[in-house]
Structure formats: C-alpha cells, structure tokens
Amino acid sequence: MMQASFGIEVFYSFVIILCALLIYFGTKELYQLSSHKGIKYFRLAFLFFAISYFFRSIIKFTLLVFDPRQLMHSFPILFGPLTQTIFMYFSSMAVFYLLYSVLWKKLESKNLLPLFHVLAAMIAIILLLFHNTFFHLIVNVILLLFVATVFLVSHRDSKKKKKKSWFYLIYLLLFVFWILNVLDILVPTFLQTFQLLIYLASTTIFVFILYKVLRKTGN
C-alpha cells in the first residue's frame, strides 16, 4: 500500500512537471515575437511550478526506493521540514509570478519582484520554524484570499475594457488547483481514495491548461 501511494505521488509530480515545462517552453516563441512582459511572468510562473514539484518528486522517489522509516530516523530535517520549505518557496513564487503577469503594468514601476522573493522566503522560513499543519493551512488560506481578490478585480477590469480573457480561465483553474493542493494537506494518508481524486482532478486541470495554452500559441 505504501509503495503504491509513493508511486502515485511520483507519477503525479511527473505529470505536473511535464505540463509546466511544456507550457514554459511552448510559450517561448510567443514571448520572443511579442516581448510582452505579461507572457514573460506567466511563463516564469510555470517554471517555478516545475521546480517546486521537481523537489517534491525527488523526495517521493527517494522514499519509494529506500526505507521511509530509516530515512526519517536518519535525516528527519532533510525529509521533512526542509523539503516542505523548498517546495513552499518555489510554489509561492509561482503564485506571485502569476499575480505579476496580471498586474505588471501597475507594479513594474514599483519593482516588487525582489519583495515577492523576500515574502516567499519568509513564508517558507516561517513554515520551517513553526512546523505545523494548521499553520501551513492558515498561510495558504491567506494567499488564496489575496489571489482571489486580485483575480476578481483584474477580471472585472478586463471586462470593462473588453479584452480577451482566456488567460483568466487559466488563472481560475490554477486557483482551483491550489485549493486542491491545500486540501491535500488536510487529507490523512489513510484516505487514499479521496487523495487519489484530488490528484486526478489536479492532473486534469494542468493537462487542460496545457491544451489551452498550446492551442492559443499554435503549437
């Protein structure tokens, strides 16, 4: 049962990484032709998604090959809080880049990217110091509310200006994807069926986003 669970984790991370990298490289030509900074930050968001899930896949693969109990006993920090810290930093930066891709015209003059890196690092460090599932949940909920607010305001403005808003469908799907991953934190390991449904829904969302992006870019 444990090996099957780790196998699902590794496969899930692999699919997310593959989709994220295909989106990143698939939009390269579009960015080079347009030099649109919104596309630039959109691409970087998926690069950071790929990096965060790369670390996730390494730890899951290691636990699959080696004895999990021995690893946790010998390297409790490496295969616990530290891994979550790295994952949280890169996943937070992915979200911040998504926000920047929407608001770059308003925020570019303020040069907030360094601040976003500091905030992501602070979130990761705080989670490392207060290694608690409930605290982790609170941090994610705050970020979710912030993203939702920015998304709704930006989407309302885009309607007023009659702009194409297919990108906002992608943002909405990523918002749902993030919610599912927050729920995954709360799912006990013995609820394998529910956890499998979360992974299946998350994978479906990323595959659909990949399809929409590649279709719009003509790849």
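As shown above, the structure is provided for reference.
Residues numbered from 1 in each chain as written. Predicted model: local features only at pLDDT ≥ 70, side-chain atom pairs only at ≥ 80, totals over all residues. Heavy atoms only, no water.

Structurally, the position occupied by Ser92 is in helix 5 (residues 81-107). Assessed through its relative accessible area of 1%, Ser92 is described here as buried. The contact partners of Ser92, leaving out residues within four places of it in the chain, are Ala120, Ile123 and Leu143. (Helix = DSSP H or I, 4+ residues; strand = E, 2+ residues; numbered from the N terminus. Buried < 20%, exposed > 50% of the residue type's maximum accessible area, 1.4 Å probe, protein only. Contact = heavy atoms within 4.5 Å.)

So, on to the environment of Thr85. Tracing the backbone through its elements, the reader meets Thr85 in helix 5. Separated by 42 residues in the primary sequence, Thr85 and Leu127 have C-alpha atoms spaced 6.7 Å apart. The contact partners of Thr85, leaving out residues within four places of it in the chain, are Ala124, Ile125 and Leu128.

Take the packing of aromatic side chains next. Enumeration over the complete set of coordinates arrives at 17 aromatic pairs. On the numbers, 4.6 Å between centres and 90° between planes, the contact of Tyr41 with Tyr100 is edge-to-face. Placement of Tyr41 in helix 3 (residues 37-65) and of Tyr100 in helix 5 is noted, with a sequence separation of 59 residues between them. Neither Tyr41 nor Tyr100 differs from the other in exposure class; each is buried. Here the aromatic residues Tyr41, Phe48, Phe54, Phe55, Tyr89, Phe90, Phe96, Tyr97, Tyr100 and Phe116 are joined through ring pairs into a cluster of three or more. Here the guanidinium or amino end of Arg43 rests over the ring plane of Tyr24, the centre of that ring lying 4.2 Å away. (Phe/Tyr/Trp six-rings, centres within 6.5 Å; stacked < 30°, edge-to-face > 60°. Lys NZ or Arg CZ within 6 Å of the ring centre and 35° of its normal.)

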